[in-house]
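# Structural features, examined
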Amino acid sequence: MSDCNQAGDVPAAGRREAIKLLIGSSVALGVGALTAPLAAALLSFHRADVVKSGYASVEVVLCESVDNCPDQYSVPISELEQGPKFVLLQKGSLAIPAVFGLVRATDGKLYPAAYNIVCTHFGCPVNPLGGPYLSGFGCPCHGSVFQICADPKGCPNGALFLEAAVVAGPAPRPLRPIKVAVKGDRVYALRAYI
Ligand code: FES
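Note that the coordinates shown come from a computational prediction; the quantities given were computed from them, not determined experimentally.

## A word on the pattern of salt bridges
- This model, assessed by the stated rule, comprises 3 salt bridges.
- The closest approach of N and O atoms between arginine 191 and glutamate 59, which form a salt bridge, is 3.2 Å. Of the two residues, arginine 191 sits in strand β15 (residues 186-193) while glutamate 59 sits in strand β5 (residues 59-61), which places them 132 residues apart along the sequence.
- In this structure arginine 191 comes out as buried when scored by relative accessible area, which is 17%.
- In this structure, aspartate 71 and arginine 186 form a salt bridge, with 3.7 Å as the shortest nitrogen-oxygen distance. Of this pair, aspartate 71 sits in the loop between β5 and β6 (74-76) while arginine 186 sits in strand β15, and the two are 115 residues apart along the sequence.
- In this structure, a network of salt bridges that share partners links the residues Glu59, Glu64 and Arg191.

Set out below in C-alpha cells:
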C-alpha cells in the first residue's frame, strides 16, 4: 500500500494566499469490515490534500513513504477499533503529541485519521470526545471544541472532510492534521504540522 493522498482543489472563493494542507487519511475502511481480512477492507480512496488559507503551520516529514516508515509512527488498526490512541511522534528534538483514531463518515465507511492535539488557542493538549470513533476534541483550558467533519462532501461553514473544525470556544483555527496512510494492519503517520 502506498501513500494515497492526491493533490487537492482550491476551495471556496476568496481564499487567496493558500498553503497546502493535508488532512487526515486517504483510505476508507468499510464499517464492519474490520473483522474481515484487512486487504478486503481497503475499499476506496479519498482525496485528502486540500488547500486552505490561514494555516500558518510548518510541515514535519516523519516518513517519505509508508513503505519505509518505522512502527514508532504507527498504531495497529485493531487498537483503533477500541478507540482513539495517543502517540508521541518524535523526530530529532521535536515531540508532537498526536491522537490516532477511526472516523465514521456519513458514507458509512471508517477513515483512519490523526491530529496534532496541541490546541490552536494557547497550546493546551486537547482530549478526544467520547466514543470509540473519533468525532472531535475538547480543550480543558478555555473550552474550545473541535468537531471532525464526517461528510466526504464537506460540512457547514466550509469545513473540509476530516477537518477538526472549531465549533465552540476561542481557538482561531482547526486542529492541525497529520497525514496518514495504511500499510498492512497499521496506520502510519507520514507528515505532521506544527
Ligand atoms: S488553549 Fe485550548 S481553548 Fe485555550
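## Some words on the nonpolar core
- Leu62, Leu89, Phe100 and Ile178 are the most contacted members of the largest nonpolar core, which totals 26 residues.
- Looking at this core, the elements with two or more residues in it are α2 (77-80), β7 (85-91), β8 (94-104), β9 (109-116), β14 (177-183) and β15.
- Ala105, Cys139, Ala164 and Leu175 belong to the second largest nonpolar core, which has 21 residues in total.

## So, the environment of leucine 110
- Counting through the fold element by element, leucine 110 comes out in strand β9.
- In the structure, leucine 110 is positioned 40 residues away from alanine 150 in sequence and 9.7 Å away in space, judged by C-alpha atoms.

## Things to note about the layout of surface pockets
- Its volume calculated, the largest pocket comes out at about 290 Å³.
- The wall of the largest pocket is formed by 19 residues, among which Gln147, Cys155, Ala159, Ala165 and Val167 lie closest to the centre.
- Secondary-structure elements contributing two or more residues to the lining of the largest pocket are β8, β12 (145-148) and β13 (164-168).
- Partitioning the lining of the largest pocket into residue classes produces 12 nonpolar, 4 polar and 3 charged.

## A word on a nonpolar patch on the surface
- Among the surface-exposed residues, Val58, Leu94 and Ile194 lie close enough to one another that they form a single nonpolar patch of about 220 Å² accessible area.
- With respect to the helices, strands and loops of the structure, leucine 94 is situated in strand β8.
- Assessed through its relative accessible area of 33%, leucine 94 is described here as partly exposed.

## Here we look at unusual backbone geometry
- You will see that asparagine 157, though not glycine, has its phi angle at about 65°, which is positive.
- What makes asparagine 157 exposed here is its relative accessible area of 82%.

## As for the packing of aromatic side chains
- Applying the stated criterion across every chain yields a total of 2 aromatic pairs.
- With a centroid separation of 4.8 Å and an interplanar angle of 85°, the aromatic rings of tyrosine 111 and phenylalanine 161 are classed as edge-to-face. One end of the pair, tyrosine 111, is in strand β9; the other, phenylalanine 161, is in the loop between β12 and β13, and 50 residues separate them in sequence. Grouping residues by exposure puts tyrosine 111 and phenylalanine 161 together as buried.

## Looking at the state of the cysteines
- One pass over the full model with this rule turns up 3 disulfides.
- With its disulfide-bonded cysteines labelled consecutively along the sequence, the protein is connected as 1-2, 3-4, 5-6.

## Side note on the side chain of serine 144
- Note that serine 144 resides in the loop between β11 (136-138) and β12.
- Apart from residues lying up to four places away in sequence, serine 144 is in contact with Phe137, Gly138, Cys139, Ala168, Gly169, Pro170 and Ala171.

## Concerning the sheet that holds β11
- Judged by pairing direction, the sheet is antiparallel, and its 4 strands sit side by side in the order β10-β11-β12-β13 without closing on themselves. Both edges of this open sheet fall to β10 (127-128) and β13, since each of them pairs with a single strand only.
- Here β12 pairs with β13 via 4 bridges, running antiparallel. Bridge pairing links phenylalanine 146 to valine 166 in β13.

About the cut-offs
- Residues numbered from 1 in each chain as written.
- Predicted model: local features only at pLDDT ≥ 70, side-chain atom pairs only at ≥ 80, totals over all residues.
- Heavy atoms only, no water.
- Salt bridge = Lys/Arg side-chain N within 4 Å of Asp/Glu carboxyl O.
- Helix = DSSP H or I, 4+ residues; strand = E, 2+ residues; numbered from the N terminus.
- Buried < 20%, exposed > 50% of the residue type's maximum accessible area, 1.4 Å probe, protein only.
- Core = buried A, V, L, I, M, F, W, Y, C linked by side-chain atoms within 4.5 Å.
- 1 Å grid on protein atoms, 1.4 Å probe; cavity = no way out; pocket = protein on both sides within 12 Å on 5 of 7 lines; lining within 4 Å.
- Points joined across faces, edges and corners; volume = space filled by probe spheres on them.
- Nonpolar A, V, L, I, M, F, W, Y, C, P; charged D, E, K, R; others polar.
- Patch = residues over 30% accessible without salt bridge, like charges linked within 9 Å, V, L, I, M, F, W, Y side chains within 5 Å.
- Areas by Shrake-Rupley, 256 points an atom, 1.4 Å probe, with all protein chains shown as cover.
- Phe/Tyr/Trp six-rings, centres within 6.5 Å; stacked < 30°, edge-to-face > 60°.
- Disulfide = S-S within 2.5 Å.
- Contact = heavy atoms within 4.5 Å.
- Pairing = 2+ DSSP bridges.

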